[in-house]
Amino acid sequence: MSLTKAERNIILSMWGKISTQADAIGTQALERLFASYPQTKTYFPHFDLHPGSAHLRTHGAKVVAALGDAIKSIDNISGALAKLSELHAYVLRVDPVNFKLLSHCLLVTVASHFPADFTADAHTAWDKFLSIVSCILTEKYR
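Residues numbered from 1 in each chain as written. Predicted model: local features only at pLDDT ≥ 70, side-chain atom pairs only at ≥ 80, totals over all residues. Heavy atoms only, no water.

Description of the overall build of the chain
Item 1. Within the chain, the secondary structure is distributed over seven helices and zero strands.
Item 2. Tracing the chain from N to C terminus, the helices and strands come up as α-α-α-α-α-α-α.
Item 3. The globule rule puts the C-alpha radius of gyration for 142 residues at 14 Å, and the 14 Å found for the chain is close to it.
Item 4. A principal-axis box enclosing the C-alpha atoms of the chain has dimensions of 40 × 35 × 20 Å.
Item 5. The 142 residues of the chain split such that 41% are buried.
Item 6. Of the contacts made within the chain by residues no fewer than 6 positions apart, 78% connect residues no fewer than 24 positions apart.
Item 7. Surface summary for the chain: the accessible area is close to 7,600 Å², and the carbon and sulfur share equals 57%. (Helix = DSSP H or I, 4+ residues; strand = E, 2+ residues; numbered from the N terminus. Rg over C-alpha atoms; globule rule 2.2 N^0.38 Å. Buried < 20%, exposed > 50% of the residue type's maximum accessible area, 1.4 Å probe, protein only. Contact = heavy atoms within 4.5 Å. Areas by Shrake-Rupley, 256 points an atom, 1.4 Å probe, with all protein chains shown as cover.)

Pasting the structure below:
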């Protein structure tokens, strides 16, 4: 799976707006993840998972920063996320399905922040991009 030129342009264009609210988007996406899929909390036993906690803000910022790294290397997402893939597979041992769950929460959060920009084409582009990211993050599991 690869992004079309039009999809890349949508991702890059929206990223300019998303990056200005990266911390809030990351935090809210994690809050949605834990509220909608409480089983994902098991990977964060040492975190304060209350909405708006410092742990959620810090980790949310890391999540969105990793997406930024992938976008900056949109022609080599696999290379940009290789270390993160290894960390989640070999050290953290995160169940791969959780990347898809987080992707969904990110989509909903981005759509809620930018409803005018989140057209059907943008939804398709972001869904495809996040699917690529999820696949790359699970590459080391194979």
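Further notes follow.
Notes on the nonpolar core
The nonpolar side chains of soluble globular proteins are, as a tendency, buried together.
Item 1. Grouped together as the largest cluster of nonpolar side chains are 41 residues, with contacts concentrated most on Met14, Ile18, Ile77, Leu81, Trp126, Phe129 and Val133.
Item 2. Going through the elements one at a time, helix 1 (5-18), helix 2 (22-36), helix 3 (54-72), helix 6 (97-113) and helix 7 (120-137) are the ones with two or more residues in this core.
Item 3. No other element matches helix 7, which puts nine residues into this core.
Item 4. The residues touching Leu81, leaving out its near neighbours within four places in the chain, are Ala66, Ala70, Val133, Ile136 and Leu137. (Core = buried A, V, L, I, M, F, W, Y, C linked by side-chain atoms within 4.5 Å.)

Focus: the packing of aromatic side chains
Item 1. This structure, assessed with the given rule, holds three aromatic pairs.
Item 2. For the ring pair Phe44 and Phe47, a centre distance of 5.0 Å and an interplane angle of 50 degrees mean the geometry is tilted. Here Phe44 matches Phe47 in class, with each residue buried.
Item 3. One aromatic cluster is present, formed by Phe34, Phe44 and Phe47 through successive ring pairs. (Phe/Tyr/Trp six-rings, centres within 6.5 Å; stacked < 30°, edge-to-face > 60°.)

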